[in-house]
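Chain by chain, the residues run as shown.
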Amino acid sequence: PYLTTLNPLTNSWSHQTHSGWSTINNGTYGGIATYGQYIYVSDDNTGNGDDNLSGIIRFDMANGTSERFADTFEPIDLTVGQDGLLYLLHPPTSSSGWALEVYDPVSLTHLNHIFFGIAGDHRAVAVNAAGEIYRADAQGNIRRYASAATLINEINVCGISPGRCFLSDLDIAPD
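1. Quick word on the sheet that holds strand 5 (residues 55-60)
Here's step 1: Ordered in space as 3-4-5-6, the four strands form an open sheet in which the pairing is antiparallel. Each of the sheet's edge strands pairs with one partner strand only, and the pair in question is strand 3 (32-35) and strand 6 (65-69). Each strand axis lies, on average, 25° off the axis of its neighbour in the sheet, ignoring direction.

2. Digging into the layout of surface pockets
Here's step 1: Empty space within the largest pocket amounts to approximately 200 Å³.
Here's step 2: Looking at the largest pocket, it is lined by 19 residues, and the ones nearest its centre are Ile32, Leu78, Thr79, Leu170 and Asp171.
Here's step 3: Contributing elements (two or more residues each) for the lining of the largest pocket: strand 3, strand 7 (77-80) and strand 11 (122-127).
Here's step 4: Counting residues per element, the lining of the largest pocket draws most heavily on strand 7, at four residues.

3. Here's the deal with the packing of aromatic side chains
Here's step 1: Within this structure, the stated rule accounts for four aromatic pairs.
Here's step 2: An angle of 55° between the planes, with centres 5.4 Å apart, marks the rings of tryptophan 21 and phenylalanine 59 as tilted. You can see tryptophan 21 sitting in the loop between strand 2 (12-16) and strand 3 and its partner phenylalanine 59 sitting in strand 5, a full 38 residues away along the chain.
Here's step 3: Of the residues examined, phenylalanine 59 reaches a relative accessible area of 0% and is grouped as buried.
Here's step 4: When the ring centre of tyrosine 38 is taken as origin, the NZ or CZ atom of arginine 58, which lies over that ring, is 4.0 Å away.
Here's step 5: Sitting above the plane of the phenylalanine 116 ring, arginine 135 keeps its charged end 3.9 Å from the centroid.

4. Observations regarding the pattern of salt bridges
Here's step 1: Tallying each qualifying case throughout the model produces five salt bridges.
Here's step 2: A salt bridge links aspartate 137 to arginine 143; the shortest N-O distance between them is 2.8 Å.
Here's step 3: For aspartate 137, a relative accessible area of 1% translates into the label buried.
Here's step 4: Through salt bridges with shared partners, a single ionic network connects Asp137, Arg143 and Glu154.

5. Let's talk about the pairing of strand 7
Here's step 1: What you see with strand 7 is no split at all: Asp77 and Thr79 on one side and Leu78 and Val80 on the other are buried throughout.
Here's step 2: Counting the residues that bridge the hairpin from strand 7 to strand 8 (residues 86-90) gives five residues, and of these glycine 84 lies at a positive phi of roughly 85°.

6. Some words on the side chain of arginine 143
Here's step 1: Looking at where arginine 143 falls in the secondary structure, it is placed in strand 13 (residues 141-145).
Here's step 2: A polar atom in the side chain of arginine 143 sits 3.1 Å from the side chain of glutamate 154.
Here's step 3: The residues touching arginine 143, leaving out its near neighbours within four places in the chain, are His122, Ile133, Tyr134, Arg135, Asp137, Leu151, Asn153 and Glu154.

7. Comments concerning the environment of leucine 151
Here's step 1: Within the secondary structure, leucine 151 is located in strand 14 (residues 151-156).
Here's step 2: Overall, the relative accessible area of 41% leaves leucine 151 in the partly exposed class.
Here's step 3: As a C-alpha pair, leucine 151 and isoleucine 56 span 95 residues in sequence and 27 Å in three-dimensional space.

8. Description of the environment of serine 107
Here's step 1: Relative to the elements of secondary structure, serine 107 occurs in the loop between strand 9 (98-103) and strand 10 (110-117).
Here's step 2: For serine 107, a relative accessible area of 46% puts it in the partly exposed group.
Here's step 3: A distance of 2.8 Å separates polar atoms of two side chains, one belonging to serine 107 and the other to threonine 109.

Calculation criteria
- Residues numbered from 1 in each chain as written.
- Predicted model: local features only at pLDDT ≥ 70, side-chain atom pairs only at ≥ 80, totals over all residues.
- Heavy atoms only, no water.
- Pairing = 2+ DSSP bridges.
- Helix = DSSP H or I, 4+ residues; strand = E, 2+ residues; numbered from the N terminus.
- Axes fitted to C-alpha atoms, helices over the stretch in contact; angles between N-to-C directions.
- 1 Å grid on protein atoms, 1.4 Å probe; cavity = no way out; pocket = protein on both sides within 12 Å on 5 of 7 lines; lining within 4 Å.
- Points joined across faces, edges and corners; volume = space filled by probe spheres on them.
- Phe/Tyr/Trp six-rings, centres within 6.5 Å; stacked < 30°, edge-to-face > 60°.
- Buried < 20%, exposed > 50% of the residue type's maximum accessible area, 1.4 Å probe, protein only.
- Lys NZ or Arg CZ within 6 Å of the ring centre and 35° of its normal.
- Salt bridge = Lys/Arg side-chain N within 4 Å of Asp/Glu carboxyl O.
- Polar contact = N/O pair within 3.5 Å; in protein donor to acceptor, adjacent residues only side chain to side chain.
- Contact = heavy atoms within 4.5 Å.

This is the structure:
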C-alpha cells in the first residue's frame, strides 16, 4: 500500500510507503489515524521476508520518514483517542484474549495493556476524551467500557437482523 496525500494549496499528490507494509486480505482489517504531524497505519504479517512484519507504521509528514513499532502485534484496528493516546486493537494471541495496547503517539512509549477477554469478533475501536473505550464487533454490538475495561453498557445496532450487520469501523465525536 501507499500513503497518498493531497496538498490542497498546490493541488499536488504525494505517495509514500514503508518496506513490508501490508494488510490481511479482509475488508474489516486495517486502521489509520492522525496526531499532529504523524499518520499511523496498521501493518499485518502477510507473507515472507519483509511481508512477515507487523505492528504500526508511523509516517512523519514533517520530514518524510516512517518507522514501524509495536511489532509483536497483529492489529485489527487502531485509533488516536480523544484523550490524545494511540490505541491498537488486536485479536487473541493463543489464550491471551482480545486486548488494546496503549501508546504515547509522540514518544511511542507503551503505556498500558487493556485486556478484554476472548468473547466477540471485535473489529473497531474508538476512545472518548474521558478514556472510555468503545468496541464494535462482527455481530453488530457496540460496547462501552471504563478505561480499566469494566463494561459500562452495550447495544446491538442490528435491529431486526441480529448477526447480519457486520460493524467494521467506529468513530466518535465530542457531540
